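# Structural overview
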Amino acid sequence: MTHAIDVRQLHKSFGDLEVLKGIDFTVNAGEVVCVLGPSGSGKSTLLRCLNRLEESNSGTILIDGEDITDIDADVDQLRSNIGMVFQQFNLFPHLTVLKNLTVAQTGVLKRPKDEAIGIAREMLDRVGLSDKIHEYPAHLSGGQAQRVAIARALSMKPKMMLFDEPTSALDPELVGEVLDVMRTLAGEGMTMMVVTHEIGFAQEVADRVVFMDDGVVVEEGSPEAVLRNPNEERTKQFLRMVLET
Amino acid sequence: MVRPLARFRTMTSLTPRQRARYYQIAMYSAAAVITVVVVFAADWSKIQKNFFNPEIAAEMFPEVITSAVKNTALYTLLSFVLGMVLALGLALMRLSSLKAFRAFAIGYIELFRGLPALITLLFVGFGLPIAFSGFRIPGGVLGRGSVGLALVAGAYMAETIRAGIEAVPKGQTEAARSLGMSQTRTMFTIILPQAFRIIIPPLTNELVLLIKDTSLFFILGSTPGTKELTKFARDFMNAERNATPLTVVAALYLLITLPLTFLVRRLERSAAKAR
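Our subject in this report is the structure included herewith. (Residues numbered from 1 in each chain as written. Chains lettered and ligands numbered in written order. Predicted model: local features only at pLDDT ≥ 70, side-chain atom pairs only at ≥ 80, totals over all residues. Heavy atoms only, no water.)

Bringing the sheet that holds strand β6 (residues 82–85) of chain A into the picture now. Residues and elements named next belong to chain A. Strands sit in the order β6-β7-β8-β3-β9-β10 across an open sheet of six strands; the sheet is mixed. The two strands at the open ends of the sheet, each matched to only one other strand, are β6 and β10 (216–221). Ignoring which end each strand starts from, the neighbouring axes of this sheet average 15 degrees apart. As paired strands, strand β9 (residues 208–213) and β10 are joined by five bridges and run antiparallel to one another. (Pairing = 2+ DSSP bridges. Helix = DSSP H or I, 4+ residues; strand = E, 2+ residues; numbered from the N terminus. Axes fitted to C-alpha atoms, helices over the stretch in contact; angles between N-to-C directions.)

All names here are of chain B. Within the secondary structure, V36 sits in helix α2 (residues 16–41). Given the relative accessible area of 45%, V36 is considered partly exposed. Residues V36 and L203 lie 167 residues apart in sequence; the distance between their C-alpha atoms is 42 Å. (Buried < 20%, exposed > 50% of the residue type's maximum accessible area, 1.4 Å probe, protein only.)

This part is about the pairing of β6 of chain A. Residues and elements named next belong to chain A. Side chains I82 and M84 project from β6 onto one buried face, and the interleaved G83 and V85 project onto a second face that is buried too. Taken together, the four bridges between β6 and strand β7 (residues 160–164) define a ladder with parallel strand orientation. Note on β7: the bridge partner recorded for I82 is M160.

Following the criterion strictly, the structure yields 23 salt bridges over all chains and no others. Of the charged contacts in the structure, one is a salt bridge between E233 of chain A and R240 of chain A, with a shortest N-O distance of 3.8 Å. A residue is classified by how much of its surface remains accessible, and E233 of chain A, at 48% relative accessible area, is partly exposed. Between R162 of chain B and E166 of chain B there is a salt bridge whose closest N-O contact spans 3.3 Å. Taken as a pair, R162 of chain B and E166 of chain B lie in helix α8 (residues 140–167) at a separation of four residues, close to a single helical turn. Here the salt bridges do not stand alone but share partners, grouping R48 and E54 of chain A together with K170 and E174 of chain B into one network. (Salt bridge = Lys/Arg side-chain N within 4 Å of Asp/Glu carboxyl O.)

Attention shifts here to the interface of chain A and chain B. Counting residues at the interface gives 23 residues for chain A and 18 residues for chain B. Between chain A and chain B the total buried area reaches about 1,600 Å² when both faces are included, carbon and sulfur atoms providing 59% of it. Put simply, chain A and chain B have two salt bridges between them. Measuring nitrogen to oxygen at the nearest pair gives 3.5 Å for the salt bridge that ties R177 of chain B to D76 of chain A. Scanning the region where chain A abuts chain B turns up seven residue pairs in polar contact (both at pLDDT 80 or more). When contributions to the side of chain A that touches chain B are tallied by element, the ones reaching two or more residues are α2 (75–80), β6, α3 (97–107) and α5 (142–154) of chain A. Looking at the side of chain A that touches chain B, its residues break down into 13 nonpolar, five polar and five charged. (Contact = heavy atoms within 4.5 Å. Buried area = accessible area lost by both parts, 1.4 Å probe. Polar contact = N/O pair within 3.5 Å; in protein donor to acceptor, adjacent residues only side chain to side chain. Nonpolar A, V, L, I, M, F, W, Y, C, P; charged D, E, K, R; others polar.)

Let us look at the sheet that holds strand β4 (residues 58–63) of chain A. With respect to topology, four strands assemble into an open sheet ordered β2-β1-β4-β5 (chain A), the strand pairing being antiparallel. Each edge of the open sheet is held by one strand with a lone partner, namely β2 (17–27) and β5 (66–67) of chain A.

So, on to the packing of aromatic side chains. One pass over the structure, following the stated rule, counts five aromatic pairs over all chains. Ring centres of Y75 of chain B and F217 of chain B lie 4.6 Å apart, and the angle between their planes is 25 degrees; on these two criteria the pair is classed as stacked. With Y75 of chain B in helix α5 (residues 63–94) and F217 of chain B in the loop between α10 (183–213) and α11 (229–240), this pair connects stretches of sequence that are 142 residues apart. This pair shows no difference in class: Y75 of chain B is buried, exactly as F217 of chain B is. Of the aromatic side chains, those joined through ring pairs into one cluster are F104, Y108 and F112 of chain B. In this structure, R152 of chain A packs its charged tip against the face of F92 of chain A, placed 4.5 Å from the ring centre. Just above the ring of F218 of chain B sits the side chain of R234 of chain B; from NZ or CZ to the centre is 4.8 Å. (Phe/Tyr/Trp six-rings, centres within 6.5 Å; stacked < 30°, edge-to-face > 60°. Lys NZ or Arg CZ within 6 Å of the ring centre and 35° of its normal.)

The structure is reproduced here in structure tokens:
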């Protein structure tokens, strides 16, 4: 059976700094995988390699069985199938919410304008922000902006979603609304890979938790196994530090 | 024992506030004296006759508006539009991943920023027909002058546009690319619209500079129909042996440039607020 994401012996360096030291790891279709680990452990870099925002140095990445590290791979086509949500939202500030959701639909997927607007409305409804359709991003709270960013990714009808610390830039009281949207999405069977510091969310929503440190996968397994009874000393140490604060 | 600061104060017997006040009074007195000297020393009747002669000013109208202002505006706009197109191309080359493009853009920008605009105008007006025998840029003074100024303005504006593009956060490119947009589409639909919003104030400044630089067009020769403000004023001044035409066109230049500079200031303020 082909995995949705299948990473083999992935290496990535920035200059002399080796950030990923041979990562092996898979995500099945419909699975929610949370990646935990201290900052600098390489988890964001791993995520960004999956849609080639970063180019890996060696190893293979198969998305639905297709090798995307291939030099002839159609990167734009690949990316339009993978939704990505960033820590800093990265909404387009010069476009309204609606335009944020339609610009790539009409430009990249060549959907007719009416269809694109219909899909945009549907996705905004899913994240509970239909009333903000004509606002500019500057008028949204952080939580709203991140929900719009999720809706923007969803309106491409991607096969999977990557989340790069989606709640790390939010005020504490706004984290919940974003996690709610992600929880719903997971419940609907979306394939999701989430780099996060939200242990509670991982425990509740993830099918599998991956713990990374220093460029390698230290430990992976069910949330119960990794978060409640970790085998590795590094995982225990990390969890102690996170749960104390 | 007397502390140093206290001793200083007794010596001058002035508080800082008093000192500031006396300093102010001294400055105002000096300004008043200079004004009085200038007012009494100047020959006001002569100044009035030579610089503010209403009959000569009246003679300039309506041609100074219908012909000279119109030509200045036309030269400026065409130079600006051509320069902008050139600058955009140069800025994109400057940021290209191809080394040859980057090298060309840098070479071009350094060359034309380093030359006086007058030299470039002379090259375009008189050098090109020699180099390419008989080749002339079409459109007469308008065409040749505007191309010449655009070559210069393009070099300056290219650096402005590049700075604008670089000021757009990297996350914008990443978000657009992650949605599957190509590099070109990302540049034109996401990055450039934001970059131009950032650089409207410096571009308006560039426009003001161009308005003034069109006064160099005289070097290309002129016919009665192609004179811009400065040339028009100089010819009028020579004919009348009077400097009033200079005063008139100076006022007209300011009438055009001052609203633009006010606009820049307002745009800068609102841009600062939006950030």
